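Working through the structure, step by step
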Amino acid sequence: MLFSRDLAIDLGTSSTLVCDKKGRIIIREPSVVAVDVKSKRVLATGEEAKAMIGRTPGSIVAVRPLKDGVIADFDMTSDMLRSFIYRSSKRSLFTKTRIVVCIPSGVTEVERRAVEDAVRCAGAQEVELVEEAMAAALGAGLPVFDATGSMIVDIGGGTCDAAVISLGGIAACRNIRIGGDAFDEAIVNHMKKAHNLLIGNNTAEDIKLKIGSASTYDGEGAMDVRGRNLTDGLPKSVEITSAEVREILSEPVDQIIAAIRETLEVTLPELAADIIDKGIYLTGGASQLRGLAELISKETKIAVHIPENPMDCVATGLSIKLRRAR
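Let me begin by describing the structure that accompanies this report. In this text, all values refer to a predicted model and were calculated from it rather than measured experimentally.

Next up on the list: the overall build of the chain. For the chain, the helix and strand inventory stands at 10 helices and 18 strands. Against the globule reference of 20 Å for 326 residues, the chain gives a C-alpha radius of gyration of 20 Å, in line with a compact fold. Considering only C-alpha atoms, the chain reaches an extent of 65 × 55 × 30 Å along its principal axes. Considering the chain as a whole, with its 326 residues, one finds that 51% of them fall into the buried category. Put simply, of all contacts in the chain between residues at least 6 apart along the chain, 63% involve residues at least 24 apart. Looking at the chain as shown, the accessible area adds up to about 15,300 Å², and 51% of this sits on carbon and sulfur atoms.

Direction vectors running N to C along helix α5 (residues 180-195) and helix α7 (residues 242-265) enclose 140 degrees, while the axes themselves pass 9 Å from each other. Here α5 is positioned oblique relative to α7, judged by the angle of their axes. Crossing handedness for the pair α5 and α7: right-handed. Across the interface between the two elements, Ala182, Phe183, Ala186, Ile187, His190 and His195 from α5 touch Glu244, Val245, Ile248, Leu249, Pro252, Val253 and Ile256 from α7. Its residues assigned to classes, the contact of α5 with α7 shows 10 nonpolar, 2 polar and 1 charged.

Right, let's get into the side chain of Thr77. Looking at the secondary structure, you find Thr77 in helix α2 (residues 74-88). Once you skip the residues sitting within four places of it in the chain, Thr77 turns out to touch Leu11, Pro65, Leu66, Ile71 and Ala118.

What follows deals with the pairing of strand β4 (residues 33-36). A regular strand places its side chains so that they alternate between the two faces of the sheet. The side-chain alternation of β4 yields two buried faces, one formed by Val33 and Val35 and the other by Ala34 and Asp36. Alignment of β4 against strand β5 (residues 42-45), held across 3 bridges, turns out to be antiparallel. When the sheet's bridge partners are listed, Val35 is paired in β5 with Val42. If you look at the hairpin formed by β4 and β5, you'll find 5 residues sitting between the two strands, and Lys40 has a positive phi there, around 65 degrees. Bridging between β4 and strand β6 (residues 60-63) involves 4 bridges; their strand directions are antiparallel. Along β6, the bridge assignment pairs Asp36 with Ile60.

Here the focus is the pattern of salt bridges. Going through the model one piece at a time under the given rule, you end up with 18 salt bridges. Arg98 is the partner of Asp6 in a salt bridge, and the nearest nitrogen-oxygen pair spans 3.3 Å. In this pair, Asp6 sits in strand β1 (residues 3-11) while Arg98 sits in strand β9 (residues 95-103), placing the two residues 92 residues apart along the sequence. The class of Arg98 is buried, set by a relative accessible area of 6%. Arg120 is the salt-bridge partner of Glu116, the closest N and O atoms lying 3.4 Å from each other. With Glu116 and Arg120 both in helix α3 (residues 109-121) and 4 residues apart, this pair spans about one turn of that helix. Overall, Glu116 belongs to the buried group, its relative accessible area being 17%.

Turning our attention to the sheet that holds strand β11 (residues 150-155). The strand order across the open sheet formed by 5 strands is β13-β12-β11-β17-β18, and the pairing between neighbours is mixed. Both edges of this open sheet fall to β13 (169-176) and β18 (304-305), since each of them pairs with a single strand only. Note that β11 and strand β12 (residues 160-166) share 6 bridges and pair antiparallel. If you follow Ile152 over to β12, its bridge partner there is Ala163. Most of the contacts of helix α4 (residues 132-139) go to β12, to which it runs at about 65 degrees, and overall it touches β11, β12, β13 and β17 (280-283).

About the thresholds
Residues numbered from 1 in each chain as written. Predicted model: local features only at pLDDT ≥ 70, side-chain atom pairs only at ≥ 80, totals over all residues. Heavy atoms only, no water. Helix = DSSP H or I, 4+ residues; strand = E, 2+ residues; numbered from the N terminus. Rg over C-alpha atoms; globule rule 2.2 N^0.38 Å. Buried < 20%, exposed > 50% of the residue type's maximum accessible area, 1.4 Å probe, protein only. Contact = heavy atoms within 4.5 Å. Areas by Shrake-Rupley, 256 points an atom, 1.4 Å probe, with all protein chains shown as cover. Axes fitted to C-alpha atoms, helices over the stretch in contact; angles between N-to-C directions. Parallel < 35°, antiparallel > 145°, perpendicular 65-115°, else oblique. Left-handed = near helix turned anticlockwise from the far one by under 90°. Nonpolar A, V, L, I, M, F, W, Y, C, P; charged D, E, K, R; others polar. Pairing = 2+ DSSP bridges. Salt bridge = Lys/Arg side-chain N within 4 Å of Asp/Glu carboxyl O.

Here is the structure:
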């Protein structure tokens, strides 16, 4: 007799969440793999590998195998998933592994196939792909199977999915490859150009979390940023303000708002009326940028809501899919 092991995987550019069919988060780890360059052996995955970024000797590389929501390195993605699946539950020779995994709405057929193949290589016998927007809406508790319009905007590390959902399907959608990583990248580039300072992505993320915002907020301040002086190669420290960081983030934030507007513009009038009544729901890690919800509400003139655990919505929605499939 075969026992089934059912798992839901939110395979994200920045982090990966593994959830059981009861909706419990088993694993929440950065999507990072550390590899020995000579032997090609995987040394660490997740949190342990992320701690190695920018600190490894030449023989070890710590990389993120996903970029902009899609697989950039197939073998490393498979190795990372295999590690997470192995750590998430016990298995025996008589265990059949069934996995529901998310994909961004705008992926190509080749990119879809790459995700499915990577999950199968990691040990799954059955694989179901679910669009991130649908999973996020389910996880946020929206009535996706009713004859009413619900709008979800899932902003992850690599992509932003803006979608209108009705009767279990996506009625209008816009996917852009802008997310939390684009925020970090904008900060790194600005520090190079404006301050002649080279910083790593982890430092950029720290700046974003501590003083980053999409609009003005109470208690704005400044922080010291340390990095390498591009002129003489020596360590250097500069001060950066909340207002400066907000200006840096304005371009990617504007692109997200434009994607939401474009989705609303192609939404059927009846569904648009439902959205005006119920509002727009934001999910994903990057949706928690200070002032983003308020700015989107101001620009669209529609109320914006953030669920209780916006980072968990996709994984929770996938676990609901697991239960419904049985």
